[in-house]
Amino acid sequence: MNTGKIRDLLSRTKKPGGLKVREDQQLGFYVDGLKSVPCENYAQIERLMEQGTKIRTTASTNMNASSSRSHMVITIQFKQVFLDSNLTKQSSINLVDLAGSERQKSSGSEGDRLKEGSRVNLSLTSLGNVISALADAAMGKRVLHVPYRDSVLTKLLQPALGGNSRTTLIAAISPADTCYEETLSTLRYAERAKKIQNKAVVNTSTLMRESKAENNKVLLTRGNSRMAERPACLLAEPGPGPQTGQPTWAHQLEQAREEWHQQYLAIAQERQMTETFPHLLNVNEDTQLTGVLKYFIQAGSCDAGRAASNAILLQGLGISDKHASFTNLDGKVTVTPQSKCKVVINGVPIVTKTKLQHLDRIILGSNSAYLYIGFPSERGNEDLNRFDYDFFQLERAAAEGVSVDKLGAAGRRAGNADPSVLAVFQDYVKLMPLVAEANQMGKELEKGLRMELKVKNLASSDSRGYDLQKEVMVKVTHQRTHEVWIWSKAKFINRKFLMEELYQRFLEGEDGRVAQEDDPFWDPVEVVHLGSAHIWLQPLAYCMKLEDQVEFLNCDGIEEAVLHIHVTPCSPAGQACGEEDVVIDPSELLGKRMDFQIGLVRCLGIKWLKEGAERGIQMGYRIYDLSSTFYTKPVWKIVNPQIEETVQFTALNASQEFLNYLQTNALIVDLWGLQEGCAQLSCSQPDPMVTSEGHIMVDTKKISTVMDTGQTTSNQISELYMKLLKLEQEMELLRNVNRALREENVLLKYSLEKAGSAQQAQKPSDSGKVTQTPAQLPTEGEIHHTSAQQASSDRELAKALKVFYQSLNVARGQFLRLRHYKPPEDDGLLRPFVHQQSQRLKDFGELLESSLWRLKSDVARIVKEKRACSLHPG
């Protein structure tokens, strides 16, 4: 059962729309038109199950899914006849193979505008609801309704779940920590099923010779010696439900024996060909379906594809009528792709004639995977199980340059891998074939879309420089309009199921046109995140201006644009601070008012605007404890736009946390891409607090606490707030006056100490009194001269520190760029890349060395000049 439809796995003919589920008053729910085959022994039952699996594999390929994504139900009907007591015992065994649910976040398809697309998930949810209701009833709770009718699966399993039955549930779980949520969910599922209590009784009835069909069954049972040896023999009865015009039981058994004979001949022939010819062995995500199909490559040349005239008949997404040619000549097998047909060998696409080696991995079309088994002379005792579906996809990912190392899985602890990155890598590998299938379906349905996998936050970090959590996403691009969407993994998986349903209707000849709002390939246009730029705020902690050009890096670590930005400390009136305002230690700013401006000047070389004419951009950033994001005005169609937007921020009473933030964090500016028809970005948070000058306040935790805990009215709060601002300003003035008085006090003290030491030097040894003339006292000019020398030294030191911090900021930018350079995929370009990286590292080291050397030289020069001034004050 897939996409809500029922397929008869014992019938080679497919009924359009699938079989229907009917309801009978006596029999309950049954499948109308289901084929039943009489069996004489258990070996025949196993053979029928294998036949059903083979048809299921072919159906899976035709349904264009990388795995079966379906439930399978095998019903075995037993009937035991006791002739001496005129009694019969009968029972039915339902063997149910449930498909696993898709791993998605708890939010399902994450707010997708379309409904849940996974029929498998829906049917499993319905089964879970039935199990919960039956478990509640078994525990004595009042249950008004058991929802059997919610899905086809629960309708068919109603007798097994809540009827005269005994049910066993086998739960498959994984020990991997990446599957923790799925394992826990499965165990909860099994725990609920354990609570169901059914009382099974033997189905017995008096043997009634009511019809000729029943007489035929009895006579057949008595006449078969093998069945007489097994009283509890298996008789697969005609399908349930009202039967009209059915052949006699003897005729059915004779027909089944003829089919068995033909199948035994086919099995013997297949076994002989397997030992003689090279062949292709199918590989499926579901291990039960792997190795079921074999395609033999006999001597000469044979074509493979969809067309019935081909020697190798293939189905599946991306398979052309004549897809490829296989040639078996002189003990060698080669494969030649037809024009523009996709053939991948060992993860590498081929376009010309290629020789096959034993155990080569072949992918035809979007995702039809096969293992090549060579001539008998090439075969050994290889373990074919290791070439499973995951092996194919990992090999394919490696050939495309995707690996755990590239995703940054090298942990900080002795090379241990980060489990979260491993989970992302597994998601990436799992989604690769699904994206290929979605692209092929879109191509055949003429949707004009191209989907590609991306890893969100692969090259991004937070404001402290730490790597952000990575997540797989799907970038969807309309090839004609160049519109772009970004889908999460959960949303893409949901859309993939809906795409399959639409594509299946297309294959069955139904009208594939749907309304735009119901089209799984369409979404309204939206704003797209293009990249982020990091501007380190350390110079601001020393009241130094920062002006730089920084790169916007996208999720691949590639430059998307360049931002010209300045962060300038200033006065409350907005006047930029000078060199005399530079501080040596950020703690000098503790408790003081800090004003600074963030100015976005210009954006250069925006690739997003180069790729599409009807596009625009916006930039946004947040700082420290503000919940609001500040966005620039939209700019359209200009590749190098002038932004010229400046915002002034104020910290009225700089806290230690805010100063620590400035020293260790970066301002993150995000670049957003606008598309025609989408809404521009704006701040959705409440307006931030502002000063009396209209500047936006940061570091407002203390003020916010006072305002939140107050019990006054809004007018009283506003009045108190204005008083607080005035007190803060007056306090700042008092601090300035106090600072000036302290400096003056130090100068006077110095003058007095110098005058006293000179007076002691003039005293004679005989204690004679000598008066000091006014000329021997330090004059006012000397005092001012000493003060000027001290101020000059401080300015020189501030200049040296400013130069050093600017050099260090440039070095930090070079280091961040070094982290995001990626080696080329072409081996021929690897040597020049290594040489360039070595040169970059050398330049980075020289910049650090020169910065440190210059700082040491400047400090040594300042100290030397200061000593000279103290020794020769004149």
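The notes below deal with the structure included here. (Residues numbered from 1 in each chain as written. Predicted model: local features only at pLDDT ≥ 70, side-chain atom pairs only at ≥ 80, totals over all residues. Heavy atoms only, no water.)

**A word on the overall build of the protein chain**
When its secondary structure is counted, the protein chain shows 17 helices and 29 strands. For the protein chain, with 874 residues in total, the buried portion stands at 42%. In the protein chain, the proportion of contacts linking residues at least 24 apart, taken out of those at least 6 apart, comes to 65%. Put simply, the protein chain shows about 48,700 Å² of open surface, and 52% of that area lies on carbon and sulfur atoms. (Helix = DSSP H or I, 4+ residues; strand = E, 2+ residues; numbered from the N terminus. Buried < 20%, exposed > 50% of the residue type's maximum accessible area, 1.4 Å probe, protein only. Contact = heavy atoms within 4.5 Å. Areas by Shrake-Rupley, 256 points an atom, 1.4 Å probe, with all protein chains shown as cover.)

**A look at the pattern of salt bridges**
This structure, assessed with the given rule, holds 23 salt bridges. Where Lys-294 meets Glu-270, a salt bridge forms, and the shortest distance between an N and an O atom there is 3.8 Å. With Lys-294 in strand β7 (residues 294-296) and Glu-270 in helix α8 (residues 249-274), the pair connects residues that are 24 residues apart, well separated along the chain. Using a relative accessible area of 27% as the deciding quantity, one classes Lys-294 as partly exposed. With a closest N to O distance of 2.9 Å, Asp-556 and Lys-454 form a salt bridge. Remark: Lys-454 occurs in strand β17 (residues 449-456) and Asp-556 occurs in the loop between β21 (546-553) and β22 (559-570); sequence separation between them is 102 residues. With relative accessibility at 16%, the residue Lys-454 sits in the buried group. By sharing partners, the salt bridges in this structure join Arg-450, Glu-452, Lys-454 and Asp-556 into a single network. (Salt bridge = Lys/Arg side-chain N within 4 Å of Asp/Glu carboxyl O.)

**Focus on the sheet that holds strand β18 (residues 471-478)**
Strand order in this open sheet of 3 strands is β17-β18-β19, and the pairing throughout is antiparallel. Of all strands in the sheet, those bounded by a partner on one side alone are β17 and β19 (484-488). Here the average twist between neighbouring strands, direction ignored, is 25 degrees. Strand direction decides the pairing type here: β17 and β18, joined by 8 bridges, are antiparallel. Bridge pairing links Arg-450 to Thr-477 in β18. The sheet contacts of helix α10 (residues 419-444) involve β17 and β18, and relative to β17 the element is tilted by about 175 degrees. The strands touched by helix α11 (residues 489-507) within the sheet are β17, β18 and β19, with β19 carrying the most contacts at an inclination of about 100 degrees. (Pairing = 2+ DSSP bridges. Axes fitted to C-alpha atoms, helices over the stretch in contact; angles between N-to-C directions.)

**Overview of the side chain of Thr-632**
Here Thr-632 shows up in the loop between β25 (630-631) and β26 (635-636). Not counting residues within four places of it along the chain, the set of residues in contact with Thr-632 comprises Leu-600, Gln-618, Met-619, Ile-643 and Glu-645.

**A short note on helix α9 (residues 389-399)**
Buried residues of α9: Tyr-389, Phe-392, Gln-393, Glu-395, Arg-396 and Ala-397, and no others. For α9, the secondary structure elements touched by its buried residues are β6 (279-283), β15 (361-364), β16 (368-373) and α10. In the segment just after α9, Gly-401 is the residue with positive phi, at about 85 degrees.

**Some remarks on the sheet that holds strand β12 (residues 343-345)**
Taken in spatial order, the 6 strands line up as β7-β6-β16-β15-β12-β13 in an open sheet, and their pairing is antiparallel. Looking at strand neighbours, the two that pair on one side only are β7 and β13 (348-350), the edges of this open sheet. Neighbour to neighbour, the strand axes of the sheet diverge by 30 degrees on average, direction disregarded. Pairing analysis gives 3 bridges linking β6 to β7, with the strands arranged antiparallel. Across the sheet, Leu-280 pairs through a bridge with Tyr-295, a residue of β7.

**Focus: the packing of aromatic side chains**
The geometry of an aromatic ring pair comes down to the distance between the two centres and the angle between the two planes. Under the definition given, this model contains 10 aromatic pairs. Seen in terms of ring centroids, Phe-596 and Phe-649 are 5.7 Å apart; in terms of plane orientation they differ by 25 degrees. Their pairing is stacked. Here Phe-596 is found in strand β23 (residues 594-604), whereas its partner Phe-649 is found in strand β27 (residues 642-651), with 53 residues between them in sequence. The exposure classification of Phe-596 matches that of Phe-649, with both residues buried. Grouping aromatic residues by their ring pairs yields a cluster made of Phe-596, Tyr-621, Tyr-624, Phe-630, Phe-649, Phe-658 and Tyr-661. The residue whose ring lies beneath Arg-495 is Trp-487, and the NZ or CZ to ring-centre distance is 5.0 Å. When the ring centre of Trp-608 is taken as origin, the NZ or CZ atom of Arg-615, which lies over that ring, is 3.7 Å away. (Phe/Tyr/Trp six-rings, centres within 6.5 Å; stacked < 30°, edge-to-face > 60°. Lys NZ or Arg CZ within 6 Å of the ring centre and 35° of its normal.)

**Considerations on the side chain of Ser-151**
Relative to the assigned elements, Ser-151 resides in the loop between α2 (119-138) and α3 (152-156). For Ser-151, the side chain forms a polar contact with the side chain of Thr-154, separated by 2.9 Å. With residues near it in sequence (within four places) discarded, Ser-151 still touches Ser-123 and Ser-126. (Polar contact = N/O pair within 3.5 Å; in protein donor to acceptor, adjacent residues only side chain to side chain.)

**Topic: the packing of α9 against α10**
Between α9 and α10, whose axes approach to 10 Å, the crossing angle comes to 90 degrees. Our classification of the angle between α9 and α10 gives roughly perpendicular. Residues Tyr-389, Gln-393, Leu-394, Arg-396 and Ala-397 of α9 lie in contact with α10, whose contacting residues are Phe-425, Val-429, Met-432, Pro-433 and Ala-436. (Parallel < 35°, antiparallel > 145°, perpendicular 65-115°, else oblique.)

**Some details on the environment of Val-859**
Structurally, the position occupied by Val-859 is in helix α17 (residues 830-871). Among the residues examined, Val-859 registers a relative accessible area of 33% and is labelled partly exposed. Val-859 sits 63 residues away from Glu-796 along the chain, and the two C-alpha atoms are 8.8 Å apart.

**Details of the pairing of strand β1 (residues 21-24)**
Note: β1 against strand β2 (residues 28-31), 4 bridges, orientation antiparallel. Residue Asp-24 lies in a different strand from β2, and its bridge partner there is Gly-28. A loop of 3 residues connects β1 with β2, the two strands running antiparallel in sequence.

**Concerning the nonpolar core**
Note on soluble globular proteins: their nonpolar side chains tend to be buried together. The biggest cluster of nonpolar side chains holds 49 residues, and the ones touching the most others in it are Met-619 and Phe-649. In terms of residue count, β23 provides more of this core than any other element does, 5 residues in total. Sequence-distant contacts of Phe-649, defined by excluding residues within four places in its chain, comprise Met-594, Asp-595, Phe-596, Ile-598, Tyr-621, Ile-623, Leu-626, Phe-630, Ile-696 and Val-698. Membership of the second largest hydrophobic core comes to 32 residues, among which are Phe-425, Tyr-428, Met-432 and Phe-492. (Core = buried A, V, L, I, M, F, W, Y, C linked by side-chain atoms within 4.5 Å.)

**Comments concerning unusual backbone geometry**
We note that Leu-359 has phi near 75 degrees; this positive angle belongs to a residue other than glycine. Inspection of the secondary structure puts Leu-359 in the loop between β14 (354-355) and β15. The exposure class assigned to Leu-359 is buried, which follows from its relative accessible area of 9%. Even without being a glycine, Glu-446 presents a positive backbone phi close to 60 degrees. With respect to the helices and strands, Glu-446 occurs in the loop between α10 and β17. The exposed category is assigned to Glu-446, whose relative accessible area is 72%.

**Things to note about the pairing of strand β10 (residues 324-329)**
With respect to burial, β10 is a largely interior element, 5 of its 6 residues being buried. In the sheet, strand β8 (residues 300-305) pairs with β10 via 5 bridges, with the strands oriented antiparallel. What sits directly across from Ser-301, in β10, is Thr-327. Pairing between β10 and strand β11 (residues 332-337): 6 bridges, direction antiparallel. Among the inter-strand pairings, Leu-329 is bridged to a residue of β11, identified as Lys-332. Between β10 and β11, which pair antiparallel in sequence order, lie 2 residues; one of them, Asp-330, sits at a positive phi of approximately 55 degrees.

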